[in-house]
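Structural characterization, general
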Amino acid sequence: MRNPYELNRKYNLKFKLNRKEISKGGAFVPVFNGKLFPGKERILLAGDAANLVDPFTGEGIYFAALSGIKAAELLLNSKTPLTDYEKFLNKNFLSDFRWSNFLRHLFFAFKKPFFKGMEKSEALLKIATDIISGNVCYKEAFKRFVIKSTLLPARFLNVTGVNKAGKREKSKGFSSLDI
Ligand SMILES: Cc1cc2nc3c(=O)[nH]c(=O)nc-3n(C[C@H](O)[C@H](O)[C@H](O)COP(=O)(O)OP(=O)(O)OC[C@H]3O[C@@H](n4cnc5c(N)ncnc54)[C@H](O)[C@@H]3O)c2cc1C
């Protein structure tokens, strides 16, 4: 990726904008790290306070809104708001966030091969875009990824000389059987 500070400086120069350069810095995002914090007694925690930030994408607005609404509803209507809220969090977020956390570690440990894979494989790119756009849950994405990965060697044999029936096609390229 090109340097954003340089791009910003050139943009300001080009359009004669007398604005400050974009500031460098960061902000703490309490991404889920294995535990959710529902609260205590009649104090329910929502959003960031409950650790409800998707560890893979860093998104937390949706979860903050949803958990906030549910917490308010339960405090008004339930006799056991904390227990019910804990159940709601566990049922709706815990499993997917655990998968997300697992995939985050996997992704960042093998970032380069993943990016290379996405450049080369339409299927891998589709899995990544489906995750980001929320079309697929993390568990399903992982399943698809494993299936695609195990199919890769089979595809290698296929394009390089072995057909689907497992028969060698002499006219077609090289095969691992040639080695
Ligand atoms: C740089 C950055 C980029 C992000 N990008 C995205 C994104 O693209 N998409 C996405 O979904 N999420 C994103 N997030 C995460 C998202 O912003 C948060 O997960 C979400 O806003 C959490 O909402 P919240 O209501 O729990 O907390 P907040 O939005 O932090 O609200 C808490 C509020 O409580 C106030 N407050 C704190 N202490 C006190 C006090 N003692 N008394 C009174 N008020 C108090 C704060 O001032 C604040 O207004 C990003 C976060 C950061 C930092």
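Note that the structure is predicted; figures quoted are calculated from it, not measured.

**Some words on the site of the ligand**
Taken together, the neighbourhood of the ligand is formed by 13 residues, with Gly 47, Glu 59, Gly 60, Ile 61 and Ala 64 sitting nearest. Residues that form the shell around the ligand fall into these classes: 8 nonpolar, 3 polar and 2 charged.

**Observations regarding the nonpolar core**
Core analysis: the biggest nonpolar cluster contains 14 residues, and Phe 32, Leu 52, Val 53, Ala 71, Tyr 85 and Phe 93 have the highest contact counts within it. For this core, the secondary-structure elements that each account for two or more residues are helix 2 (61-77) and helix 3 (81-109). With 4 residues, the single largest contributor to this core is helix 3. If we ignore the near neighbours within four places in the chain, the residues touching Tyr 85 are Pro 38, Leu 44, Lys 70, Ala 71 and Leu 74.

**What about the packing of helix 2 against helix 3?**
The N-to-C vectors of helix 2 and helix 3 enclose an angle of 150 degrees; their axes lie 9 Å apart at closest approach. With respect to helix 3, the axis of helix 2 lies roughly antiparallel. When you trace helix 2 past helix 3, the crossing you get is right-handed. Together, Phe 63, Lys 70, Ala 71, Leu 74 and Leu 75 of helix 2 and Pro 81, Asp 84, Tyr 85, Phe 88 and Phe 93 of helix 3 make up the contact between the two elements. For the contact of helix 2 with helix 3, the residue count by class is 8 nonpolar, no polar and 2 charged.

**Regarding helix 2**
For helix 2, built from 17 residues, the straight-helix expectation of 24 Å at 1.5 Å per residue is met to within 8% by its first-to-last C-alpha distance of 24 Å. What helix 2 keeps buried is the set Phe 63, Ser 67, Ala 71 and Leu 74. Buried positions in helix 2, seen along its axis, are confined to an arc of 70 degrees and lie on one side of it. Turned more than 90 degrees from where helix 2 packs its buried face, Ile 61, Tyr 62, Ala 65, Ile 69, Leu 76 and Asn 77 sit exposed. If you follow the buried residues of helix 2, they end up packed against strand 2 (43-44) and helix 3.

**Observations regarding unusual backbone geometry**
Phi is positive for Lys 16, which is not a glycine, with a value near 50 degrees. Structurally, the position occupied by Lys 16 is in the loop between helix 1 (4-14) and strand 1 (39-40).

**Here we look at the environment of Glu 140**
Tracing the chain through its elements places Glu 140 in helix 6 (residues 138-159). Judged by local crowding, Glu 140 falls into the partly exposed class, with 15 C-beta atoms found within 10 Å. When the C-alpha positions of Glu 140 and Ile 127 are compared, they lie 9.4 Å apart, and in sequence the two are 13 residues distant.

**Structural notes on the confidence of the model for the chain**
When pLDDT is low, close inspection of the predicted coordinates is not appropriate. Averaged over every residue, the pLDDT of the chain is 82; residues scoring 70 or more account for 79%. The secondary-structure element of the chain with the lowest mean pLDDT is helix 6, recorded at 68, while strand 2 shows the highest, at 98. This model gives residues 171-179 a pLDDT under 50, and the stretch forms 13 contacts once residues within four places in sequence are excluded.

Here is what the cut-offs are and how they apply
Residues numbered from 1 in each chain as written. Predicted model: local features only at pLDDT ≥ 70, side-chain atom pairs only at ≥ 80, totals over all residues. Near = placed C-beta within 6 Å. Nonpolar A, V, L, I, M, F, W, Y, C, P; charged D, E, K, R; others polar. Core = buried A, V, L, I, M, F, W, Y, C linked by C-beta atoms within 7 Å. Buried ≥ 20, exposed ≤ 12 C-beta atoms within 10 Å, placed from the backbone. Helix = DSSP H or I, 4+ residues; strand = E, 2+ residues; numbered from the N terminus. Contact = placed C-beta atoms within 7 Å. Axes fitted to C-alpha atoms, helices over the stretch in contact; angles between N-to-C directions. Parallel < 35°, antiparallel > 145°, perpendicular 65-115°, else oblique. Left-handed = near helix turned anticlockwise from the far one by under 90°. Expected span 1.5 Å × (residues − 1). Arc of directions from axis to C-beta. pLDDT = per-residue confidence, 0-100.

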